[in-house]
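Listed here are the chains, written in short residue letters.
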Amino acid sequence: MPRIKKIPQRMCLGCQEMKPKRELIRVVRTPEETIEIDPTGKRSGRGAYVCPNNECLDKAIKGKRLEKALKQPISKEIKESLFERMSRP
């Protein structure tokens with residue numbers, strides 16, 4: 001009897017819903033203290049997950065959930081670059 005493979009679940013910081021890890025986008029604070037979008041999901045550093053739409057990213061930033069999850073304040077320039085990268089495919 002084959003075993004059913006468990007799908008990792010993560011919570012979106014914007015809509016607060018549990019979704020499969022592969023459907024979400026990882027925002028990572030690297031060891032160099034920069035905040036970036038991690039397309040592979042495997043970069044080293046502290047990560048937080050957001051749905052791939054601007055509404056969830058906006059909610060996560062306005063509610064300061066992203067700052068809390070990454071344990072670092074987010075500057076205006078970083079916020080703008082996150083929105084810019086999120087809108088790209």
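In this text the structure is predicted, and so the values were computed from the model without any measurement.

Peer 1: Before we move on, could you go through the sheet that holds strand 4 (residues 35-38) and cite the residues and values that matter?
Peer 2: The pairing of strands in a sheet happens through backbone hydrogen bonds and is either parallel or antiparallel. Strand order in this open sheet of three strands is 4-3-5, and the pairing throughout is antiparallel. Strands with a single pairing partner mark the edges of an open sheet, and in this sheet they are strand 4 and strand 5 (46-50). Between one strand axis and the next, the sheet turns through 30 degrees on average, direction left out of account. Taken together, the five bridges between strand 3 (residues 25-29) and strand 5 define a ladder with antiparallel strand orientation. Its bridge partner being in strand 5, Val-28 is matched across the sheet by Gly-47. Packed onto the sheet, helix 3 (residues 76-87) meets strand 3, strand 4 and strand 5 and runs at close to 15 degrees relative to strand 4.

Peer 1: Talk me through the pattern of salt bridges; I want residue IDs and the actual numbers.
Peer 2: Evaluated as defined, the whole model comprises three salt bridges. Across the pair Glu-36 and Arg-43 runs a salt bridge, and its minimum N-O distance is 2.3 Å. Here Lys-62 makes a salt bridge to Asp-58, at a shortest N to O gap of 3.5 Å. Here the residue Lys-62 and the residue Asp-58 both occupy positions in helix 1 (residues 54-62), the gap between them amounting to four residues, near one helical turn. Residue classification places Asp-58 among the partly exposed positions, given a relative accessible area of 27%.

Peer 1: Mind laying out the state of the cysteines, listing which residues take part and the relevant values?
Peer 2: All chains considered together, the criterion is met by zero disulfides. Just so you know, Cys-51 is unpaired, no disulfide at all, and the nearest cysteine sulfur is the one on Cys-12, 3.4 Å from it.

Cut-offs applied
- Residues numbered from 1 in each chain as written.
- Predicted model: local features only at pLDDT ≥ 70, side-chain atom pairs only at ≥ 80, totals over all residues.
- Heavy atoms only, no water.
- Pairing = 2+ DSSP bridges.
- Helix = DSSP H or I, 4+ residues; strand = E, 2+ residues; numbered from the N terminus.
- Axes fitted to C-alpha atoms, helices over the stretch in contact; angles between N-to-C directions.
- Contact = heavy atoms within 4.5 Å.
- Salt bridge = Lys/Arg side-chain N within 4 Å of Asp/Glu carboxyl O.
- Buried < 20%, exposed > 50% of the residue type's maximum accessible area, 1.4 Å probe, protein only.
- Disulfide = S-S within 2.5 Å.

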